[in-house]
Amino acid sequence: MMLQPGLMMDRPLLISSILEHSAAQFGDVEIVSRETHGPLFRYTYADCAVRARQLASALAAAGLQQGSAVGSIAWNNHRHLEAYYAVSGSGMVMHTCNPRLHPQQLIYIINHAEDEVMLFDSTFAPLVKGIAAHCPKVKHWVCLSDAANLPVIEGVQAIAYEDWIAPHSSDFIWPEFDERSGAALCYTSGTTGNPKGALYSHRAIVLNAITGCLPGVLDFSPKQTVLPVVPMFHINAWCIPYAAPIGGAKLVLPGPRLDGASLYELIEAEQVTLSAGVPTIWQALIGHVEQNGLRFSSMRRTAVGGSAMPAALIAKFADVYDVEVRHGWGMTETTAVATMTSMSPAEMALSASERHALVAKQGKTVFGIQIKVVDEHGHTLPRDGSSQGELMVRGQWIIQSYFKGEKSPLVDGWFPTGDIATIDAQGLMQIRDRTKDVIKTGGEWISSIDLENAAVGHPAVAMAAVIGIKHPKWDERPLLFIVRKPGQTLEKEEILAFLTERVAKWWVPDDVVFLESLPVGGTGKVQKNDLRKEYGGVFS
Ligand code: ADP
């Protein structure tokens with residue numbers, strides 16, 4: 001039987017409508033942005049919409065058309081935000097580039113995406129100098145600054161953003177088009193082979209951003225002041241630049257200053273209520289707060305993801321500083337978060353340490369997403385909290401195929417994540433490891449994440465990482481790297497004894513290497529490949 005079509009309007013879900021909505025409903029809500037040269041800039045959603053339309057006019061005047069790509073190599077700031085809206089709102093593709101990619105990879109993705117304009121922060125002028133000659137399609141190099149702060153870049157005719165948009169009208173009318181059109185493009189970090197592009201549609205971003213506003217997810221409303229530390233150059237800053245204006249939350253953009261002291265100062269000055277970032281950033285922030293005996297006067301919640309948030313840090317935020325941690329999981333291929341901490345009433349009634357242990361897992365799916373774990377034959381494993389296999393995901397904002405990719409990565413309509421996970425009967429998912437990081441020993445698996453989290457529980461440990469080292473008898477054995485907190489004198493025997501009390505005996509690492517710091521990549525994750533290159537010999 002033919003289904004009766006619904007009789008509602010078929011209006012497209014477009015990114016331009018988000019900014020116009022916030023300009024109309026929350027016109028006087030502030031956006032505060034750290035300029036790359038230091039001072040804070042502040043204006044409103046209404047002002048931002050005017051300038052986004054001006055930028056859209058400038059892009060059209062430069063000859064760009066629907067489908068053209070505009071790149072950015074930029075911090076979280078108000079001009080980058082305007083570009084998010086102007087570019088996608090015009091029907092063009094906003095290609096955010098991760099400045100910490102190897103220059104060869106940057107050149108590759110800029111050419112692959114066919115960027116015609118490149119928006120960059122002055123911090124990255126040396127990078128631009130090195131890559132510009134290799135990016136022939138880029139017609140305009142636009143520095144996100146005014147003329148006074150425009151750097152001179154040998155061999156590149158750069159123009160200041162303010163000068164570029166000034167002559168253009170803010171009367172731009174946002175075009176209407178299919179909501180399935182490409183809006184934003186982000187490439188994976190490409191630790192093996194070339195980076196691959198995830199092309200997010202307007203529909204995917206708008207749906208994800210609406211979900212992000214739910215009270216159980218990020219809870220955006222005019223009562224919130226949100227600080228996204230998670231970079232706008234990677235996975236759309238978890239779609240916070242789209243979700244905050246939907247809910248009318250004040251937006252605070254930290255620019256280039258991401259150290260603990262600067263973040264603390266910004267959080268207090270702007271009375272931030274909610275922040276979002278990776279665990280390494282929060283570790284630095286808490287380090288600063290502890291060393292200086294400080295408190296948070298307004299921040300009551302932080303969203304964390306990108307890598308596993310250790311229970312010890314969750315406990316510190318919650319018990320010492322009264323900051324609730326919401327732990328999410330997502331990846332470049334999932335537009336933003338796919339799972340997030342979500343407690344049932346029974347779970348909320350548990351003891352503090354039991355609750356922190358639950359938060360240390362990666363949460364339950366947000367509406368719109370489905371997950372399952374499968375064994376090596378693709379059979380779905382039970383949701384019993386202990387059967388572990390590859391995590392598969394599907395939903396309205398999960399990748400279908402890579403940009404210009406020939407073969408779809410999907411398996412029976414599901415995206416294989418490369419993560420190993422368990423799911424329990426309540427739907428709570430736990431990432432146990434990445435397939436490439438898990439330590440295979442004597443036919444069993446050791447979760448490097450679990451070992452790292454246990455080690456970080458020691459009061460003298462600032463950071464920990466574990467890699468598998470080839471072993472003649474056991475195949476692989478764990479090697480632990482520790483960065484001590486300043487002034488601490490932890491030794492190998494003590495940390496191994498500490499771990500022996502907390503993990504199975506056969507999990508205890510064979511050796512410990514103490515380092516001054518760990519190699520951390522542009523998205524705040526420990527670069528285990530670098531550790532493997534330097535230390536990945538053979539245990540005897
Ligand atoms: P890359 O790390 O290669 O740059 P992504 O930024 O897309 O790629 O990162 C996605 C990966 O990060 C996931 O597949 C997962 O391994 C890891 N990840 C993300 N969030 C979490 C989390 N909360 N806990 C543990 N791992 C996480």
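Residues numbered from 1 in each chain as written. Predicted model: local features only at pLDDT ≥ 70, side-chain atom pairs only at ≥ 80, totals over all residues. Heavy atoms only, no water.

### Looking at the overall build of the protein
Tallying secondary structure elements over the protein gives 16 helices and 25 strands in all. The C-alpha atoms of the protein give a radius of gyration of 23 Å, which matches the 24 Å a tight globule of 540 residues would have. Projected onto the principal axes, the alpha-carbon positions of the protein cover approximately 70 × 65 × 45 Å. In the protein, buried positions account for 58% of the 540 residues. Considering only contacts in the protein between residues 6 or more positions apart, those separated by 24 or more positions represent 66%. Accessible area for the protein stands at about 22,500 Å²; split by element, carbon and sulfur atoms hold 53% of it. (Helix = DSSP H or I, 4+ residues; strand = E, 2+ residues; numbered from the N terminus. Rg over C-alpha atoms; globule rule 2.2 N^0.38 Å. Buried < 20%, exposed > 50% of the residue type's maximum accessible area, 1.4 Å probe, protein only. Contact = heavy atoms within 4.5 Å. Areas by Shrake-Rupley, 256 points an atom, 1.4 Å probe, with all protein chains shown as cover.)

### Some thoughts on the site of the ligand
Within the structure, the ligand sits among 17 residues, and S189, H234, T332, D419 and K525 are positioned closest to it. G328 is positioned such that a nitrogen or oxygen atom in its backbone is 2.7 Å from a nitrogen atom of the ligand. Here a nitrogen atom of the ligand sits 2.9 Å away from a polar atom, N or O, in the side chain of Q362. Relative to its free-state accessible area of 570 Å², the ligand is covered by the protein chains to the extent of 93%. Per-element tally for the shell around the ligand: the top contributor is strand β14 (residues 324–330), with four residues. The residue makeup of the shell around the ligand, split by class, is four nonpolar, 10 polar and three charged. (Near = heavy atom within 4 Å. Polar contact = N/O pair within 3.5 Å; in protein donor to acceptor, adjacent residues only side chain to side chain. Nonpolar A, V, L, I, M, F, W, Y, C, P; charged D, E, K, R; others polar.)

### A short note on the domain arrangement of the protein
Parsing the protein into structural domains produces domain 1 (12–29 + 45–201), domain 2 (367–434) and domain 3 (439–535). Centre-to-centre, using C-alpha coordinates, domain 2 lies 27 Å away from domain 3. With six residues of domain 2 at the interface, the matching set in domain 3 holds eight residues. A buried area of about 540 Å², summed over both sides, lies between domain 2 and domain 3, and 42% of it is on carbon and sulfur atoms. On the domain 2 side of the contact with domain 3, Q388, R432 and D433 bury the most area, a combined 67% of that side's loss. Counting the contacts that link domain 2 with domain 3 gives one salt bridge. Ionic pairing is found between R432 and D450, a salt bridge with its closest N-O pair at 2.6 Å. Linking domain 2 with domain 3 are three residue pairs in polar contact (both at pLDDT 80 or more), by the criterion used here. Tallied by class, the residues present in the side of domain 2 that touches domain 3 amount to two nonpolar, two polar and two charged. (Domains from an automatic or database assignment. Buried area = accessible area lost by both parts, 1.4 Å probe. Salt bridge = Lys/Arg side-chain N within 4 Å of Asp/Glu carboxyl O.)

### A few points about unusual backbone geometry
Its identity as a non-glycine residue notwithstanding, E114 has a phi of 60 degrees, on the positive side. Here E114 is to be found in the loop between α4 (103–113) and β5 (115–120). The residue N236 is not glycine, and still its phi comes out positive at about 55 degrees. With respect to the helices and strands, N236 occurs in the loop between β10 (225–228) and α8 (240–247).

### Some thoughts on empty space enclosed by the protein
Taken as a whole, this structure holds four cavities of 30 Å³ or more when the rule is applied. Counted as a void, the largest cavity has a volume near 60 Å³. Taken together, N208, A209, T211, G212, V217, L218, W238, C239, A243, V337 and V366 make up the lining of the largest cavity. For the lining of the largest cavity, the element with the highest residue contribution is helix α7 (residues 202–212), accounting for four residues. Looking at the lining of the largest cavity, its residues break down into eight nonpolar, three polar and no charged. In this structure, the second largest cavity spans a volume of roughly 50 Å³. Looking at the second largest cavity, the residues that line it are T341, S342, M343, E347, L358, V359, K361, G363, K364 and L428. Across the lining of the second largest cavity, the residue classes tally to four nonpolar, three polar and three charged. (1 Å grid on protein atoms, 1.4 Å probe; cavity = no way out; pocket = protein on both sides within 12 Å on 5 of 7 lines; lining within 4 Å. Points joined across faces, edges and corners; volume = space filled by probe spheres on them.)

### Quick word on the sheet that holds strand β6 (residues 140–143)
Taken in spatial order, the seven strands make up an open sheet running β7-β6-β5-β3-β4-β8-β9, and their pairing is mixed. Of all strands in the sheet, those with a lone pairing partner are β7 (158–160) and β9 (197–201), marking the two edges. Pairs of neighbouring strands in the sheet enclose a mean axial angle of 25 degrees, with direction left out of account. Where strand β4 (residues 93–96) lies against strand β8 (residues 182–187), three bridges are found, and the strand directions are parallel. Pairing of T96 across the sheet is with C186, part of β8. Contacts from helix α3 (residues 78–89) reach β3 (69–73), β4, β5 and β8 within the one sheet, and its direction differs from that of β4 by about 145 degrees. (Pairing = 2+ DSSP bridges. Axes fitted to C-alpha atoms, helices over the stretch in contact; angles between N-to-C directions.)

### Topic: the packing of helix α10 (residues 279–291) against helix α11 (residues 311–321)
Running from N to C, α10 and α11 point in directions that differ by 40 degrees, and their axes come no closer than 11 Å. By the angle class used here, α10 and α11 are oblique. Between α10 and α11 lies a crossing whose hand is left-handed. Note on element contacts: α11 touches α10 through L313, K316, F317 and Y321, opposite P279, W282, Q283, I286, V289 and E290. (Parallel < 35°, antiparallel > 145°, perpendicular 65-115°, else oblique. Left-handed = near helix turned anticlockwise from the far one by under 90°.)

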